[in-house]
Amino acid sequence: MRMQFQAGTDPNDLSDSQKRRMAGYCCFNCLGLTSTAAFICAICSYAYCDFVTRNVELNDGYTVDQVCSEFGAGGGQEDICTALLNEHGIGFDYFWVTVPVDQQLCYPYTLLTPSGYVTPSFDTKFNSARALCITAIVLGGAAWFTLMLGSCCKLDQAKLKGLACYFFLATLFQGLSLLVFRSNVCSPGFFTPYFNSGTEVTDPDQAPVWMKGVSCGLSKGSNLAIAATVLWFVCSNMLPAAVVPEPLWEGPAQELPPGVAPAQKEEAAAEEGAPEQAAAEEA
């Protein structure tokens, strides 16, 4: 954004109101950068298929190859079975696994097994976390887009401060997307349908005989969600100090003398230009 004072002006020659206005312009510029970073982090947190890192621990006496051969769904899914028993990631729309050789791939939750297409069941907490993450992106993106329009469209100060509500709600909803850690994706029986050939799991918290437990941890998506939450919160606190600059298509703003209203300034300019216009008509 442009500064509305001439370059090279000594800050010591500015009045207190002018200094506060310049600080407000600087805060508005920083607000645009911060909201852009928050918006990018929020989108990437949802787009990654590794919001949560998931680890499976086997009981003593069981190996990965043994479990896949005895309890796997078969049908050419041996690589996925092996990958699911090692470290893998959980996203809102996809999950990632490492297949030979050291290649990480994202897979949809609906997979084809010898018994047909199988999809794990998602509980209310997982679906709520996904919806809250999307809502945070929409609200924060709307506020960010409005700020970007401030460079070419007139945005009054009251509307600017009203964006604080959008940023605050984005902060709240983005933080609540971490509710996924309390969902059934971190339960032992989440991926059980892939191993029992589509048999319905009545208790997803019940571990199979070969599984000791499951642990979940932060991953790229959740780390980006935390970063977006912090940045949305910073944006909501920067808004009260920000001052909207004049749009780029308007001419440089000029400081009015004390006690002169904008309407009086326009009348004075019209009176000064009247003699010049009359002389041009006579010529």
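A brief structural summary. This one's a predicted model, so the numbers in the text were calculated from it and none came from an experiment.

## Here we look at the pattern of salt bridges
Then comes step 1: Scanning all chains against the criterion turns up two salt bridges.
Then comes step 2: With a shortest N-O distance of 3.4 Å, D93 and R130 are connected by a salt bridge. Here D93, found in the loop between β2 (88-90) and β3 (94-99), pairs with R130, found in helix α4 (residues 124-149); they are 37 residues apart in sequence, far enough to count as distant.
Then comes step 3: Given a relative accessible area of 32%, D93 falls into the partly exposed group.

## Describing the packing of aromatic side chains
Then comes step 1: In this structure the tally under the stated criterion is 13 aromatic pairs.
Then comes step 2: Measuring from centroid to centroid gives 5.9 Å for F92 and F126, while their planes differ by 50°, and the two rings are tilted. In this pair, F92 sits in the loop between β2 and β3 while F126 sits in helix α4, placing the two residues 34 residues apart along the sequence.
Then comes step 3: Judged by relative accessible area, F92 falls into the buried class, the value being 1%.
Then comes step 4: Residue F126 is classed as buried on the basis of its relative accessible area, which comes to 0%.
Then comes step 5: Centroid distance Y109 to F190: 6.2 Å. Interplanar angle 80°. Geometry classified as edge-to-face. Note that Y109 is positioned in the loop between β4 (103-108) and β5 (111-113) and F190 in the loop between α5 (157-176) and β7 (211-218), a separation of 81 residues in sequence.
Then comes step 6: Residue class for Y109 comes out buried when judged on its relative accessible area of 5%.
Then comes step 7: By relative accessible area, F190 is classed as buried at 2%.
Then comes step 8: An aromatic cluster of three or more residues is present, and its members are Y46, F51, F92, F95, Y107, Y109, F122, F126, F190 and F191.
Then comes step 9: Geometry around F122 places R130 over its ring, the cationic atom sitting 5.8 Å from the centre.

Conventions adopted
- Within any chain, residue numbers begin from 1 and follow the written order of that chain's sequence.
- Where local features are concerned, this predicted model is filtered to residues with pLDDT of at least 70; where side-chain atom pairs are given and counted, the filter is 80 or more; whole-chain, interface and lining totals use all residues.
- Excluded from the side-chain calculation are hydrogens and water; included are all heavy atoms of the structure.
- Basic side-chain nitrogens of Lys or Arg form a salt bridge, by our definition, when they fall within 4 Å of a carboxyl oxygen of Asp or Glu.
- Strands are runs of DSSP state E lasting at least two residues, helices are runs of H or I lasting at least four, and both sets are numbered from the N terminus onward.
- Three exposure classes are used, based on accessible area relative to the maximum for each residue type with a 1.4 Å probe and protein chains only: buried under 20%, partly exposed in between, and exposed over 50%.
- For this analysis, a ring pair means two rings from Phe, Tyr or Trp (six-membered ring only for Trp) whose centres lie within 6.5 Å, classed as stacked if their planes differ by under 30 degrees, edge-to-face if by over 60, and tilted for the remaining angles.
- Any Lys NZ or Arg CZ that is within 6 Å of a ring centre and within 35 degrees of that ring's normal is treated as a charge sitting over the ring.

Bear in mind that shape data such as this cannot, by itself, settle questions of function.
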